[in-house]
Structures are given as C-alpha cells and as structure tokens.
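Listed here are the chains, written in short residue letters.
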Amino acid sequence: IMVDIIDLSEYIIYYSNIKDYGISCLKLQKILYLLQAEWLITRDKRLFADKIIAWDFGVVVPEVYRKYIQWGGLDIPPSKDKSNINRFKLMISKKDLKLINDLLDYFKNYSAVLLTDITCGQAPWIDAHVPHGDNEVTCDSIRNYFLSDKDEKPKRKSLKNIHDIEEIKR
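My aim in this report is to walk through the structure given alongside it, one point at a time. (Residues numbered from 1 in each chain as written. Predicted model: local features only at pLDDT ≥ 70, side-chain atom pairs only at ≥ 80, totals over all residues. Heavy atoms only, no water.)

Further remarks concern the overall build of the protein. Within the protein, the secondary structure is distributed over nine helices and three strands. When its helices and strands are written in sequence order, the protein yields α-α-β-β-α-α-α-α-α-β-α-α. For the protein, buried positions account for 50% of its 170 residues. The long-range fraction of contacts in the protein, counting pairs at least 24 apart against all pairs at least 6 apart in sequence, stands at 72%. (Helix = DSSP H or I, 4+ residues; strand = E, 2+ residues; numbered from the N terminus. Buried < 20%, exposed > 50% of the residue type's maximum accessible area, 1.4 Å probe, protein only. Contact = heavy atoms within 4.5 Å.)

Turning to the sheet that holds strand β1 (residues 52-55), a few remarks are in order. Strands sit in the order β2-β1-β3 across an open sheet of three strands; the sheet is antiparallel. At either end of the open sheet lies a strand with only one pairing partner, and these are β2 (58-60) and β3 (136-137). Note that β1 and β2 share three bridges and pair antiparallel. Of the residues in β2, the one forming a bridge with I53 is V60. (Pairing = 2+ DSSP bridges.)

What follows is about the packing of aromatic side chains. Scanning all chains against the criterion turns up 11 aromatic pairs. Ring geometry for Y106 and Y110: centres 6.3 Å apart, planes at 20°, overall stacked. A residue is classified by how much of its surface remains accessible, and Y110, at 3% relative accessible area, is buried. Ring centres of Y145 and F146 lie 4.9 Å apart, and the angle between their planes is 85°; this geometry places the pair in the edge-to-face category. F146 shares its class with Y145; the two are buried. Cluster of aromatic residues (ring-pair linked, three or more members): Y11, Y14, Y15 and F88. (Phe/Tyr/Trp six-rings, centres within 6.5 Å; stacked < 30°, edge-to-face > 60°.)

As a further point, take helix α1 (residues 5-18). Between its first and last C-alpha atoms α1 spans 20 Å; for 14 residues at 1.5 Å apiece the expected length is 20 Å, and the two agree. Within α1, 12 of the 14 residues are buried, which leaves the element mostly enclosed by the surrounding structure. When α1 is considered as a whole, its buried residues turn out to be I5, I6, D7, L8, S9, E10, Y11, I12, I13, Y14, Y15 and S16. Looking at the buried side of α1, the elements it contacts are α2 (25-42), α3 (62-68), α4 (83-91) and α5 (94-106). Taking the backbone nitrogen of I6 as reference, a side-chain oxygen 3.0 Å away marks D4 as the first, capping residue of α1. Trailing α1 by a residue or two, D20 shows a phi angle of about 70°, which is positive. (Expected span 1.5 Å × (residues − 1). Polar contact = N/O pair within 3.5 Å; in protein donor to acceptor, adjacent residues only side chain to side chain.)

A regular strand places its side chains on the two faces of the sheet in alternate fashion. Because side chains alternate across β1, one face comprises the buried residues I52 and A54, and the other comprises I53 and W55, equally buried. Relative to β3, β1 runs antiparallel, the two sharing two bridges. The partner of I52 across the bridge, within β3, is V137. Once β1 ends, the chain turns through two residues before running back antiparallel as β2.

That is the geometry; function is a separate question.
Given below as structure tokens:
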C-alpha cells in the first residue's frame, strides 16, 4: 500500500518535532526523496505515488512544497489536527514506521543545505534537471542509482547507498 504524501509529511513533521530537531520545507523534500529511495531499494516498491521533480534547488514533491513553503527556512510546526498522523500510523506497519523513524533519526543533524548538496550530486537529479524545468526524477532512476555498483558510476561526489552518506561529510 502506498501512503498519502501529506499524511507522510505530517508524520515526519510531527516526529521531528517530538524528537526536538524540527524540519524545514527544504529538508522535508530531501527526506521524502531519501525515504522513496529506501523503499525502492529495500522493499522494491514505492512508498508514495507522487512524482519527485528536479527543480533548481533539488528534488521536490510539488504538492508538499506548496503546502509547507509558507514556513520558508523555518522548522514547520506540527499540525494541531492529528488525524493525518493517526491515519498514517494505521496504514503502515510497525516495521515500516521504524524504518521511517530510523531514517529521520539518522539524518537529524544534516542541514537542508547539506542534503540539497548531496542529492544534487546524485545521478537521478543530475540526469533529470533542466534549469527552471519540471522534469520527473523517476523511480527507476532512483532505484538504479542506489542499487548500481559503485565502480560503474562516474567519479563524482555521490553516494552508492543512502547509508554510505558519511563519506560525503569528510
């Protein structure tokens, strides 16, 4: 079952706030991309149906961007209405929820700018991006990128796997 992108986003915002690290609109975009990648490589299916687009400032889910851009670079406050979060928790298994939480905890100290630099250094965004364009970053390109053998890739500042992100910080 694919999850609703707004329910997922509300959950990410809620979780980031209860863990006291917060999340901005820009960082939320990169986290959604990384979660989709995680699902594609570990579950061989999509987490959500919405398209990821290659905008000038990186990977973006337009519907989520439009909903939360009002907060600019500030952390998005959690919604007072918890119905999205409750619906999301009912739709997803405990195992999948743990994977989401683990990924959020893993990236908690990464700034939106660092995550943008990382994702804009990866083939899915590079191959789809056209300045001021609206090209889709396809799930196939994401899956192929994260599952490809490191030696087959062009030498660029990129990750062979989401969990190898530490090497970018050095």
